[in-house]
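Each chain, letter by letter, is given below.
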Amino acid sequence: MDLDMYVCNCDQKQFNNLKPLQLNVGGKLFTLPKEAWMSFDEERKEKQKCKILMHPYDISMTATYKWVVGIQFLQNFYSIFDIENKRVGLVEAIE
């Protein structure tokens with residue numbers, strides 16, 4: 001299944017210069033390291049590629065784009081699901 005991931009030409013230096021991505025979730029900023037939202041494919045040296053690891057999701061008729069961040073986001077945080085109170089808590093995972 002193709003999820004329409006965005007792919008672009010890039011080299012190792014360009015990938016290394018990427019900054020962490022900050023997401024605003026419920027008024028709080030969450031920071032993702034570049035490896036959590038972008039991958040670098042160095043398999044083919046002549047055609048190096050970077051791929052955004054988030055899936056674009058736009059079913060609205062607005063100019064606002066939405067992204068499905070999924071596991072790329074959640075693997076960097078401990079998540080607490082409070083079903084009874086319809087809440088989700090996130091705490092940064094520290095190595």
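Provided above is the structure to which this section pertains.
Report follows, based on the coordinates.

So, how was this worked out
Residues numbered from 1 in each chain as written. Predicted model: local features only at pLDDT ≥ 70, side-chain atom pairs only at ≥ 80, totals over all residues. Heavy atoms only, no water. Helix = DSSP H or I, 4+ residues; strand = E, 2+ residues; numbered from the N terminus. Buried < 20%, exposed > 50% of the residue type's maximum accessible area, 1.4 Å probe, protein only. Contact = heavy atoms within 4.5 Å. Areas by Shrake-Rupley, 256 points an atom, 1.4 Å probe, with all protein chains shown as cover. Pairing = 2+ DSSP bridges. Axes fitted to C-alpha atoms, helices over the stretch in contact; angles between N-to-C directions.

What follows covers the overall build of the protein. Along the protein, the regular secondary structure elements total 3 helices and 9 strands. The helix and strand sequence of the protein, counted from the amino end, reads β-α-β-β-α-β-β-β-β-α-β-β. Taken across its 95 residues, the protein has 20% of its residues classed as buried. Once local pairs closer than 6 in sequence are excluded, the contacts in the protein between residues at least 24 apart make up 38%. Put simply, the protein shows about 7800 Å² of open surface, and 55% of that area lies on carbon and sulfur atoms.

With that settled, consider the sheet that holds strand 5 (residues 49-52). The antiparallel open sheet is built from 3 strands, whose spatial order is 1-5-4. A single partner strand is all that each edge strand has here, and the edge strands are strand 1 (7-9) and strand 4 (38-41). Neighbour to neighbour, the strand axes of the sheet diverge by 25° on average, direction disregarded.

Turning our eyes to something else, we now look at the environment of Val7. Looking at the secondary structure, you find Val7 in strand 1. Sequence-wise, Val7 and Lys49 are 42 residues apart; in three dimensions their C-alpha atoms are separated by 6.6 Å. Filtering out sequence-adjacent residues up to four positions away, Val7 remains in contact with Lys49, Cys50 and Lys51.

Within the element layout of this structure, Asn76 appears in the loop between helix 3 (70-74) and strand 8 (77-82). For Asn76, the contacting residues outside a window of four places in its chain are Leu32, Pro33, Ala36, Glu92 and Ala93.

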